[in-house]
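# Examining the three-dimensional arrangement
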Amino acid sequence: MPSLESFYQEYPCSYNSPLNCDRPFQTAQQIKGAKFCLECGFLATLPQEAEIKGSQGTYQINSYCGVRGLGRLYSGIQLKDKQPVIIKEYLLPSRSFNENETIKRKETFKRVGGISLADSRIQNFRLVETKEAIADDKIERCYLIAKGIDSSQTLAKYIIEKGAMTPLQVREFLNQALQTLQFLHTQKLRFPSNQVQLGLTHGNINLDSILIKLEAHQKFSIYFCDLAIWENLFIPPIIPQPTPARPEQDLQSLGMVAFYLWVGRTTNLSSNQPLDPRDNQQWPDTDNHLKQFIYRLMGLETFFASAEAARQALLQLPKEDNTNIPVGSSGAVEVQKRLPMPLILLLGILAFLLLGGGIWYWLLSGKKTNEPNLTQWRMLLRAFAEVPNLPSGNFTYTGEKDSTWSFILTQPVDDSRLGNLLTKPRPDATAIYKYESILSADVNNPIKGIEEVQTGKKDFAITSLENRITSQLKKEQIAYDGLIVFVAFNKRDSNLANALGGQISLEQLRQIYTGKITNWQQINPKLANPLEIKPFAPTEPEAIAKFQEIVLQNNPQDKALFAAKVTQQDTTKTQNQIRSETLEGRATGIISFGIISKTWKQCSGYPLAIANGNKPATQPLFQKRDRRSINPSDDLCQHDDYYVDVTTFQSYPLGYPIFVVYPQDSNRRVGGSTFTRMLTTRQGQCLLSKVGLVALQPMPDDINSYACKSVP
């Protein structure tokens, strides 16, 4: 299937991918009843509690879960029996599909959306069970209602979070997958239109169309979803339409998936190009029999006649063999030379001593190389439920209207929104925390929230403005926030991020934002052509206050120049402007900054590393796979591939703490102090990290694979 970046080009999305962009979701959250993204006009996500009526019942949206394949996913329930369902929303936006195309595809979707056994038997062949396909006659959306699979994730997510599978796990994956394909290719199947067909190809096998559910003792089950017969209906007509797949193509695609799972990635680490299975150097050398089998599955050697034949061959494979025979050399002769028994015994003892020494060293070191130090993490209480002496009553707290805290409360996490989770953190307790944002009269001095706590109008406040907190108040740190400075980024062409070496200094920022440097050639004389600097700033008062504090050192003259020379506009609009100028083929000299939670998961602008004086520049964003800081050659549109490194961030010049601020008076402090204790549990730190803040201490690498309510 073509890359999603080539879809919906009629919509000027700042991500260059309207389906994956988070702006349609933000629009739906900020404006009740919004149907279209405020930035590009693409269809907004469905609001919470929206109802979808079908022939089998009415379904209600619980929360937005993200994107899979060509549709958006929501968790929901069937209202009649309250049974949980997964709702996949497919889109037919009017700029990409004309009216006739929309009508035709809706009619086809209702006929073929979902399959079952023709004889009505109920058998688990690891296909996601579909309930019904719904085409809305009035709007540009279709819905596939399916049974949810608890704790499952796509294989694409799995290899990002868990890395490569072992050879035994790959064999088990192939065993289950081939059994499912054998069923799919040979059984009589019934479509929603009651049409019966003998056998069906999947046609869309990839890392996103197979779910994996982890079970106890490293066992797992896989489930196929998103069959091409209905998924491909939503490929815009401007994109070349796939031809109907044949059964052997399912086997080839499955072979590629198995290859990726075994390697643990889809691209070459050095070149960032797709892995080539014909290159023997890219294969693991731990199980040559499995390697030969996958090579056949992909059709690069003698092809299997069917899924059944492939599965029988898999079950008859010898056990793991790490003899490093190049792929493609089937029938290679193995030459074995017998060694004298005393020499074999000596080598065995030596190997045992080396292995024992390695294990002893590992135990003494206490941790693996490159893993974060989790000592502080292990000292935290596990969850909200473990926080003692939780008070009863209603507590009202506040923060600046356009602050980081106001923004992150709207963000989705663990099938809900953070604001909902923190309103009543302990269902078994009677403490309720209500958040009321407030707007300071003087946007250059956003301290209204702190004043409200001081005067007793609010129980506590969340703020990053440490120097505005008076001695009458107590402050406790709950996380880190920070500013990211970004410039135009276009991976395909020579770009400004490359010219700057991916970094900039605080002094250069000060001169840019006070008008003393106006052209990028003043920073890099090697630029071929002069390029005017166009500085922008976000609209959040706290972000501007922190920038003026850190970069301008609150110098009154510099602050006045900043106000006179810098345009303030929403970060999203700045990103869209960068994208628009890039698409038009213009060199753009835009530079801007914004809070981490609004800027780091985008790919219109490159986040620059920041240098302070003579110290090396610090880049807090790291590649997950390599545990290294990002650089301008990385594809930032792969959002799941990078993260904020907690240890590095603690020395990041534009980072700063976020505090809970509450009265020193012991009679009034209880609400704020217990709220702080909850946010500094493992559960609290997990939640904050998922919505864009930086935890106080390093966390386990795979923390995002856990639901925060049950972090270990």
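Structural data are supplied above this passage.
Residues numbered from 1 in each chain as written. Predicted model: local features only at pLDDT ≥ 70, side-chain atom pairs only at ≥ 80, totals over all residues. Heavy atoms only, no water.

### Topic: the sheet that holds strand β10 (residues 196-198)
- If you trace the three strands from one edge of the open sheet to the other, you get β5-β9-β10, paired in antiparallel fashion. Of all the strands in the sheet, the pair left with one neighbour each is β5 (116-117) and β10.
- Where β5 meets strand β9 (residues 188-190), two bridges bridge the pair, whose relative direction is antiparallel. Residue pairing across strands places Ser116 opposite Arg190, the latter belonging to β9. (Pairing = 2+ DSSP bridges. Helix = DSSP H or I, 4+ residues; strand = E, 2+ residues; numbered from the N terminus.)

### Remarks on the side chain of Asp645
- Its location among the elements puts Asp645 in the loop between β27 (642-644) and α20 (646-649).
- In this view, Asp645 contacts Pro620, Phe622 and Arg627; residues no more than four positions away in its chain are not counted. (Contact = heavy atoms within 4.5 Å.)

### Describing unusual backbone geometry
- With phi around 75 degrees, Asn194 is a residue other than glycine that occupies positive phi space.
- In this structure, Gln553 is a non-glycine residue whose phi angle is positive, near 55 degrees.
- Turning to its location among the elements, Gln553 is positioned in the loop between α16 (541-550) and α17 (556-565).

### Considering the pairing of strand β13 (residues 393-400)
- Note: β13 against strand β16 (residues 431-438), eight bridges, orientation parallel. Looking at the pairing, Phe395 lines up with Tyr433 of β16.
- Where β13 and strand β17 (residues 460-463) come together, two bridges link them in parallel fashion. Considered in β17, the bridge of Thr398 is made with Ala461.

### Considering the environment of Cys637
- Here Cys637 lies in the loop between β26 (628-629) and β27.
- Residue Cys637 is classed as partly exposed on the basis of its relative accessible area of 24%.
- It is 9.1 Å that separates the C-alpha atoms of Cys637 and Ser17, two residues lying 620 residues apart in sequence. (Buried < 20%, exposed > 50% of the residue type's maximum accessible area, 1.4 Å probe, protein only.)

### Side note on the sheet that holds strand β12 (residues 220-224)
- An order of β8-β11-β12 is seen for the three strands of this open sheet, with the pairing classed as antiparallel. The open sheet is flanked by β8 (152-154) and β12, the only strands paired with a single partner. The average angle at which neighbouring strand axes cross in this sheet is 30 degrees, direction not considered.
- As paired strands, β8 and strand β11 (residues 210-214) are joined by three bridges and run antiparallel to one another. When the sheet's bridge partners are listed, Ser152 is paired in β11 with Lys213. (Axes fitted to C-alpha atoms, helices over the stretch in contact; angles between N-to-C directions.)

### What about the nonpolar core?
- Ranked by internal contacts, the top residues of the largest apolar core, which has 87 residues, are Trp405, Trp520, Ile591 and Phe675.
- No other element matches strand β18 (residues 473-488), which puts seven residues into this core.
- Each residue touching Trp520, except ones within four places of it in the same chain, is listed here: Val487, Leu496, Leu500, Ile504, Ile512, Leu527, Leu531, Glu532, Ile533, Gly589 and Ile591.
- Tyr90, Val112, Phe224 and Ile235 belong to the second largest nonpolar core, which has 73 residues in total. (Core = buried A, V, L, I, M, F, W, Y, C linked by side-chain atoms within 4.5 Å.)

### Brief notes about the packing of aromatic side chains
- The final tally for this structure, using the stated rule, is 29 aromatic pairs.
- Arranged with centres 5.8 Å apart and planes meeting at 40 degrees, the rings of Phe547 and Phe562 form a pair that is tilted. Note that Phe547 is positioned in helix α16 and Phe562 in helix α17, a separation of 15 residues in sequence. Taken individually, Phe547 and Phe562 each receive the classification buried, so the pair is uniform in this respect.
- With a centroid separation of 5.8 Å and an interplanar angle of 80 degrees, the aromatic rings of Trp600 and Tyr642 are classed as edge-to-face. With Trp600 in the loop between α19 (596-599) and β23 (605-607) and Tyr642 in strand β27, the pair connects residues that are 42 residues apart, well separated along the chain. Comparing Trp600 with Tyr642 shows no difference in burial state: the two are buried.
- An aromatic cluster is present here, built from Phe395, Tyr397, Tyr433, Tyr435, Phe460 and Phe675 joined pairwise through their rings.
- Lying over the aromatic face of Phe304, Arg296 brings its terminal NZ or CZ to 4.0 Å of the ring centre.
- When the ring centre of Phe659 is taken as reference, the NZ or CZ atom of Lys475 above it lies at 5.3 Å. (Phe/Tyr/Trp six-rings, centres within 6.5 Å; stacked < 30°, edge-to-face > 60°. Lys NZ or Arg CZ within 6 Å of the ring centre and 35° of its normal.)

### Some thoughts on the packing of helix α4 (residues 167-186) against helix α6 (residues 247-263)
- At a closest axis distance of 10 Å, the pairing of α4 and α6 adopts a crossing angle of 160 degrees. Between α4 and α6, the angle falls in the class roughly antiparallel. α6 is crossed by α4, and the crossing has right-handed handedness. Across the interface between the two elements, Pro167, Val170, Phe173, Leu174, Ala177, Leu178, Leu181 and His185 of α4 pack against Pro247, Asp250, Leu251, Leu254, Val257, Ala258, Leu261 and Trp262 of α6.
- Within the contact of α4 with α6, the residues separate by chemical class into 14 nonpolar, one polar and one charged. (Parallel < 35°, antiparallel > 145°, perpendicular 65-115°, else oblique. Left-handed = near helix turned anticlockwise from the far one by under 90°. Nonpolar A, V, L, I, M, F, W, Y, C, P; charged D, E, K, R; others polar.)

### Describing the environment of Val128
- Here Val128 is to be found in the loop between β5 and β6 (130-135).
- It is 6.8 Å that separates the C-alpha atoms of Val128 and Lys147, two residues lying 19 residues apart in sequence.
- Ignoring sequence-local partners within four residues, the contact set of Val128 consists of Ala146, Lys147, Ile149, Leu211, Tyr223, Phe224 and Cys225.

### Description of the pattern of salt bridges
- All chains considered together, the criterion is met by 21 salt bridges.
- In this structure, Asp287 engages Arg171 in a salt bridge whose closest nitrogen and oxygen atoms are separated by 2.9 Å. Here Arg171 lies in helix α4 and Asp287 lies in the loop between α6 and α7 (288-297), a separation of 116 residues in the sequence. The burial state of Asp287 is the same as that of Arg171; both residues are buried.
- With a closest N to O distance of 3.2 Å, Glu452 and Lys458 form a salt bridge.
- Accessibility expressed as a relative area gives 8% for Glu452, which makes it buried.
- The exposure class assigned to Lys458 is buried, which follows from its relative accessible area of 11%.
- Each member of the salt-bridge network shares a partner with another, and the members are Arg68, Lys88, Asp226 and Glu231. (Salt bridge = Lys/Arg side-chain N within 4 Å of Asp/Glu carboxyl O.)

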